[in-house]
Amino acid sequence: MEKEIGIFLCNCGGGIKNIDFDAVREKLVQISDVAFVAVSSALCLEEGKGTIVSTIKDKGVEKVVIAACSPEFTEHTFGEVLEKAGLNRHLLAMANVREQCAWAHQGDVTKKAIQLIKMAVNRARLLQPVQKKELPINKDVLVIGGGFSGLNIALQLSRLGLRATVLEKEAVLGARLGEAESFSSCDMGPMISEVESDDNIEVLTSAQLVRIEGNVGNFSVRIQKAGEEIPRKYGAIVVATGYRTQLMASSEPDSGGKILSQAELCRMLAAQSLEKQPRTVGFIFDFADENSRFPTLATLDNALAAKEKWDSEVYVFCKSVKVDSKGAEKLYREARARGIVFLKCETPPKVLAKNGRVEIQAQDILMGEDTVFACDVLVAEQQILPAEDADILSSLLNVGRDSKGFYQDENVHLYPVALERKGIFVVGGCRGDLDGGRVLSDISSAVMSIYELLSPGKIVVDSEKVKANPQKCVACLTCFRVCPHSAIQLMRAENEKEVAQVADAACDACGICAAICPAKAISFEGYTDEQIVAQIEALGTS
């Protein structure tokens, strides 16, 4: 048998101690079609990648097995290495001997590592190359939302040479300015003027998205404005619709304007003069959501501002102050040092209006007794909620939302601003309760992702890695319904029969359609039935 498979083992810089790599090598070299087994300490570093390229060229192998860390992190990198060595990137099989083996067990796991690598070898024998193709793309970007995040991202895209259309539901830009921007004293005037005067930015106000078709690089949308539908094409879409807040005060309705939101308090603090300065100020927060970021920052900052400007007595009623935002710990310590009193309560305080003031009845768990405070003004707790039309927009875009109704991240750690549908990004408050630093990080991340995607004017995709067989397809729509990436559509075949077709540009190669198709009409190269069965059969070998 021709020796066509090369195996590379990585001990992760010597960090994998419970696998005997020498014993693994001795076992694997006995496999008839394995040309060599090389052990390295850092395959993912430049030196290791160079070694892979030179070894493949010297040994002339056709397929490669790499036993290292999770393919989630390194398969794309090693695929590029294979291409540098002159091989098709899809002739690579990986065995995860770190997360799924060494890190999952205590004690020696050499035997399990050998089994995992043998499974990868069996799969590698059946791998077939997948060709690539180039697709032209539209370089324009649709930004939905004319608030701080939307305008900021449009300006940054324009500076990189990409045209953007800002779509705003209201009559003017910045009309629904989120409280995060108001709280941070962000003057939207200059930004709005810059956007309106930028030749690369088109502004559509009193307009909304009503239809979307197509895939990444070639979205066809219809925008409704003044009773007309405007057809447009875009390469990418950014959702920056912000959020809304809801006052959570459980109080008597007749409070005489003494119960405020954070934004209303900000306006009081910014006023040149007041008829009467509040001598006692109360805050309630984190009962509706203990993991809130903006309400925590707003409370700490405004409590310090009230103390500084009015020299007020300030009381903060909370359940548990969590300070995971940048600078929040410093603000909390400063507030305590300035004499701001924090009272911890298990249940929300009861709020009553009495004698022109606000009475707060709470049970302080640290003191173990009921307390009553009278305040001139009370800043009530605010809950951060999705924008009003979030459900309609998510349905149009065919993207998911989380349990709270915010747009669901594809992966909070690896792709924080990417939705499950390629080419659609989400930034700012519409994806959750974010502080200012996280919003700016969102914007930068989305801008760079969009620029990397659109600037070449074309995208290179795998051609028919996932393919529906028109002869087997019965158009049951099962794949159409379950695909989370909107990558499947019905097309009319030559015999006038409607069949499923996978859009290569939109497909994320997750394999859900191939696994669920009742007619076995969808093939997924790299994970065909034959390749999976071959992996299972390796478990029975010694």
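Since this is a predicted model, take the numbers as computed values, not measurements.

A. The sheet that holds strand 14 (residues 259–260), seen in detail. Spatial ordering of the open sheet is given by 14-21-15-16-17, a layout of five strands whose pairing is parallel. What marks the edges here is a single partner per strand, and that holds for strand 14 and strand 17 (341–344). Pairing of strand 15 (residues 280–285) with strand 21 (residues 377–379) involves three bridges; the strand directions are parallel. Bridging across to strand 21, V281 finds its partner in V377. Sitting on the sheet, helix 10 (residues 294–310) is in contact with strand 15, strand 16 (313–318) and strand 17, with an inclination near 175° to strand 15.

B. Up close: the sheet that holds strand 19 (residues 357–364). Strand order across the open sheet formed by three strands is 18-19-20, with antiparallel pairing between neighbours. Whereas interior strands pair on both sides, the edge strands pair on one side only; in this sheet they are strand 18 (350–354) and strand 20 (369–375). Each strand axis lies, on average, 25° off the axis of its neighbour in the sheet, ignoring direction.

C. Molecular detail of the packing of helix 6 (residues 148–159) against helix 8 (residues 188–197). It is at 10 Å that the axes of helix 6 and helix 8 come closest, and there the two elements cross at 45°. Between helix 6 and helix 8, the angle is such that the two are oblique. Handedness of the helix 6/helix 8 crossing: left-handed. Only M188, M191, I192, E194 and V195 of helix 8 make contact with helix 6, whose side of the interface consists of F148, L151, N152, L155 and R159. Grouping the amino acids of the contact of helix 6 with helix 8 by side-chain chemistry returns seven nonpolar, one polar and two charged.

D. Inspection of the packing of aromatic side chains at higher detail. Scanning the model with the defined rule gives five aromatic pairs in all. A ring pair is formed by F317 and F373, whose centres lie 5.7 Å apart and whose planes are at 70°; its orientation type is edge-to-face. Here F317, found in strand 16, pairs with F373, found in strand 20; they are 56 residues apart in sequence, far enough to count as distant. Accessibility classification places F317 together with F373 in one group, the buried group. Ring geometry for Y332 and F342: centres 5.0 Å apart, planes at 65°, overall edge-to-face.

Scoring rules and cut-offs
- Residues numbered from 1 in each chain as written.
- Predicted model: local features only at pLDDT ≥ 70, side-chain atom pairs only at ≥ 80, totals over all residues.
- Heavy atoms only, no water.
- Pairing = 2+ DSSP bridges.
- Helix = DSSP H or I, 4+ residues; strand = E, 2+ residues; numbered from the N terminus.
- Contact = heavy atoms within 4.5 Å.
- Axes fitted to C-alpha atoms, helices over the stretch in contact; angles between N-to-C directions.
- Parallel < 35°, antiparallel > 145°, perpendicular 65-115°, else oblique.
- Left-handed = near helix turned anticlockwise from the far one by under 90°.
- Nonpolar A, V, L, I, M, F, W, Y, C, P; charged D, E, K, R; others polar.
- Phe/Tyr/Trp six-rings, centres within 6.5 Å; stacked < 30°, edge-to-face > 60°.
- Buried < 20%, exposed > 50% of the residue type's maximum accessible area, 1.4 Å probe, protein only.

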